[in-house]
Amino acid sequence: MAGVKNIGDIAVARIEELGGPVFGPQSLIPDWNDADVAPHMKWMVPDHFDPASGNMCGVFQSWLLKTKHHTILIDTCVGNDKDRPGFDRFHRAKHPWMENLLKAGYHPNDIDIVMCTHLHVDHVGWNTKLENGRWVPTFPKARYLFAKADRDYWDPKTGGHSAMAMNEVMFNDSVLPVIESGQAQLVSGVHEIEAGIEIHPAPGHTPGTIVLKANSGDKRAIFAGDCMHHPIQIYHPEWGVSVDEDKEQAYKTRVNIYEECVEKRSLLVPAHFAAPHACHVHREGKAFAPDFRI
Ligand SMILES: [Zn+2]
């Protein structure tokens, strides 16, 4: 499988943290049911569904874009060494993400911009690293772009949406040190990084979810973060995930993104899809269908 190597003149790298049959279907997608998914097994098995475990396949990964002007890291996964009690794959992890970044040919000093699609625990981890007992920004030269709406929502001081203790810990170890170092830039509305690279609001999964739209020559892509977690949600855009903060808005945003992918022939590049990790989208009946020939 070729995967995404470039969008026009923009070089694309994928930095994986972990992957496999990692998602319990009904715990992630409550509407998942045997009758509706049965017709999809022929394309889902084995890349997107693992019959042996009964789990959906997915990955935790970052996307890296090298444009003429910037090296942009989209999302920073779970990170290492973080206290995430109760979450086995996340707690004090020792994943080879940093090794994979270096293997891809990039060093933390190369990163100009870090863009977090949203401030969930699996998208902010490598924002910081543990150094002499303190959390410090991993990318010393980078400007970190966070949506103001998500900062406001998840900051325990302003949002109070820290019902899960993990969210408060996450904010304090992976977002606050970046704000305190002066490297954070809070964005609202549409934000142009450079010609052809724009950040757009895509609320629903979280209030401040943002996506990155890349355009080079006649090629386009939408780096869509967690607006969708599994390609079954292309056939069923009405199926949200249990961790969508606003389910109705998340549904509307999914449909908007699929429509743009159809109309502009944009490649859909979400955060968690298993190989080939991206797809084209076309209309099928009243909904949509993925095309993995990329
Ligand atoms: Zn995620």
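Residues numbered from 1 in each chain as written. Predicted model: local features only at pLDDT ≥ 70, side-chain atom pairs only at ≥ 80, totals over all residues. Heavy atoms only, no water.

What the protein chain contains, in helices and strands, is 9 helices and 17 strands. Taking 2.2 N^0.38 as the reference for a compact globule, 294 residues should give roughly 19 Å; the C-alpha atoms of the protein chain span a radius of gyration of 18 Å, in line with that estimate. C-alpha extents for the protein chain along the principal axes are approximately 55 × 45 × 35 Å. Within the span of the protein chain, comprising 294 residues, buried residues form 55% of the whole. Summarising the internal contacts of the protein chain: among those between residues at least 6 apart in sequence, 67% fall at separations of at least 24. Working note: accessible area of the protein chain is about 12,500 Å², and carbon and sulfur atoms make up 50% of it. One way to put it: in the protein chain the 29 positive side-chain charges average out to a point 4 Å from where the 38 negative ones average out. (Helix = DSSP H or I, 4+ residues; strand = E, 2+ residues; numbered from the N terminus. Rg over C-alpha atoms; globule rule 2.2 N^0.38 Å. Buried < 20%, exposed > 50% of the residue type's maximum accessible area, 1.4 Å probe, protein only. Contact = heavy atoms within 4.5 Å. Areas by Shrake-Rupley, 256 points an atom, 1.4 Å probe, with all protein chains shown as cover. Lys, Arg positive; Asp, Glu negative; His and termini not counted. Charge placed at Lys NZ, Arg CZ, Asp CG, Glu CD.)

Within this structure, the stated rule accounts for 13 aromatic pairs. Here Phe-23 and Phe-60 contribute two aromatic rings whose centre-to-centre distance is 5.8 Å and whose plane-to-plane angle is 50°, an arrangement assigned as tilted. You can see Phe-23 sitting in strand β2 (residues 10-23) and its partner Phe-60 sitting in strand β4 (residues 55-66), a full 37 residues away along the chain. Seen from their ring centres, Tyr-153 and Trp-154 are 4.9 Å apart, and the 90° between their planes marks the pair as edge-to-face. The pair formed by Tyr-153 and Trp-154 is uniform in burial state, with each residue classed as buried. Each residue in the set Trp-97, Trp-126, Phe-139, Tyr-144 and Phe-146 is aromatic and connected to the rest through ring pairs, giving one cluster. Seen from the ring of Trp-135, Lys-82 lies directly overhead, with NZ or CZ sitting 4.5 Å from the centre. (Phe/Tyr/Trp six-rings, centres within 6.5 Å; stacked < 30°, edge-to-face > 60°. Lys NZ or Arg CZ within 6 Å of the ring centre and 35° of its normal.)

Turning our eyes to something else, we now look at the sheet that holds strand β13 (residues 210-216). Backbone-to-backbone hydrogen bonds join strands into a sheet, with any given pair of strands oriented parallel or antiparallel. Taken in spatial order, the 5 strands of this open sheet run β11-β12-β13-β14-β15, and their pairing is mixed. Of all strands in the sheet, those bounded by a partner on one side alone are β11 (191-194) and β15 (267-270). Across the sheet, the axes of successive neighbouring strands diverge by a mean angle of 20°, strand direction being ignored. Its contacts with the sheet put helix α9 (residues 247-264) on β13, β14 (219-225) and β15, and the angle it makes with β14 is roughly 170°. (Pairing = 2+ DSSP bridges. Axes fitted to C-alpha atoms, helices over the stretch in contact; angles between N-to-C directions.)

Protein-derived coordination of the zinc ion comes from Asp-122 (OD), His-123 (NE2), Asp-226 (OD) and His-272 (NE2), at a distance range of 2.1 to 2.2 Å. Around the zinc ion, the 4 donor atoms are arranged such that angles at the metal cover 87 to 160°; this shape is classified as irregular. One chain supplies every donor for the zinc ion, spaced along it as D-H-x102-D-x45-H. Separated by 150 residues along the polypeptide, Asp-122 in the loop between β6 (113-115) and β7 (128-131) and His-272 in the loop between β15 and β16 (280-284) bring together distant segments of the chain. Note on accessibility: Asp-122 and His-272 belong to one class, buried. (Donors = N, O, S within 2.8 Å, 3.2 Å for Na, K, Ca; no water. Tetrahedral: all angles 85-135°; square planar, octahedral: opposite > 155°, others 65-115°.)

With that out of the way, let us pick up the nonpolar core. With 44 residues, the main nonpolar core has Ile-29, Trp-32, Trp-97, Leu-101, Val-114 and Phe-139 as its most contacted residues. Those elements that provide at least two residues to this core are β2, β4, α4 (97-103), β9 (143-147), α5 (148-154), α6 (165-174) and α7 (176-180). Considering every element that reaches this core, the biggest residue donor is β2, with 5 residues. With residues up to four places along the chain from it excluded, the contact list for Trp-97 reads Ile-15, Glu-16, Glu-17, Ser-62, Leu-73, Cys-77, Trp-126 and Phe-139. (Core = buried A, V, L, I, M, F, W, Y, C linked by side-chain atoms within 4.5 Å.)

Spatial relationships are all this shows, so hold off on functional conclusions.
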